Amino acid sequence: MRISARVDYAVRAAVELAAVAPDSLTSERIAQAQGIPARFLQAILGDLQHARLVTSQRGREGGYRLAMPPSEISVARVMRVEQGFLAEVHGQRPEDVEYPGAAGPLASVWVAARESYRRVLENVTLADVVAGTMPPHVAEMIELESAWRSFGVPAAD
């Protein structure tokens, strides 16, 4: 799993907006709260606006706000704005990949991995993140000791 800085920043910006919904925040406040470079954040907020997840208002009372309730916006939806597919293999959707010979069934592994990814990211909303409460199946995964270790890194004694 690879989450780019741009995707991470987009989700963090959306979570900041969710925390004050339905009110708005300036890009400067979001950048400062999350340590996101201001120019980078401006581009991300523009992408989120284009995707109709965020609206903006100019003027003294201006700023950015979510275009819908945080409970209706999944983490996956924000991620897709910045990266397109949640999972891809050489720029293709996993179901479109074909391998010759013995590697043929590998495409099914990529499809299954994507489904696992979706089961978390499609079901966790910005409201869930702000509240710190996850859907039960996600909470169960978080409780697994193995979830907190990278492969090949031994557990602390």
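What you are looking at is a predicted structure, and each value in this text was computed from that prediction instead of being measured.

K.L.:
Explanation requested: the packing of helix H4 (residues 75-83) against helix H5 (residues 106-121) in the structure shown.
P.N.:
Each pair of packed helices can be described by the angle between their axes along with the distance between the axes. With their axes 8 Å apart at the nearest point, H4 and H5 run at an angle of 120° to one another. Judged on the interaxial angle alone, H5 and H4 are oblique. Here Val75, Ala76, Met79 and Arg80 of H4 lie close against H5, whose contacting residues are Tyr117, Arg118 and Leu121. Its residues assigned to classes, the contact of H4 with H5 shows five nonpolar, no polar and two charged.

K.L.:
Can you walk me through the side chain of Glu82 in this structure?
P.N.:
Position of Glu82 relative to the elements: it lies in helix H4. For Glu82, the side chain forms a polar contact with the side chain of Arg6, separated by 2.5 Å. Here Glu82 is in contact with Arg6, Val7, Ala10, Ile44 and Asp47, once residues within four sequence places are set aside.

K.L.:
Mind showing me how you'd approach H5 here?
P.N.:
Helix length check: H5, at 16 residues, gives a terminal C-alpha distance of 23 Å against a target of 22 Å (1.5 Å per residue), a fit within 8%. Buried within H5 are the following residues: Ala107, Arg114, Tyr117 and Leu121. The buried residues of H5 occupy one face: seen down the axis, they fall within an arc of 80°. Looking at the buried residues of H5, the elements they touch are H4.

Criteria and thresholds
- Residues numbered from 1 in each chain as written.
- Predicted model: local features only at pLDDT ≥ 70, side-chain atom pairs only at ≥ 80, totals over all residues.
- Heavy atoms only, no water.
- Axes fitted to C-alpha atoms, helices over the stretch in contact; angles between N-to-C directions.
- Helix = DSSP H or I, 4+ residues; strand = E, 2+ residues; numbered from the N terminus.
- Parallel < 35°, antiparallel > 145°, perpendicular 65-115°, else oblique.
- Contact = heavy atoms within 4.5 Å.
- Nonpolar A, V, L, I, M, F, W, Y, C, P; charged D, E, K, R; others polar.
- Polar contact = N/O pair within 3.5 Å; in protein donor to acceptor, adjacent residues only side chain to side chain.
- Expected span 1.5 Å × (residues − 1).
- Buried < 20%, exposed > 50% of the residue type's maximum accessible area, 1.4 Å probe, protein only.
- Arc of directions from axis to C-beta.

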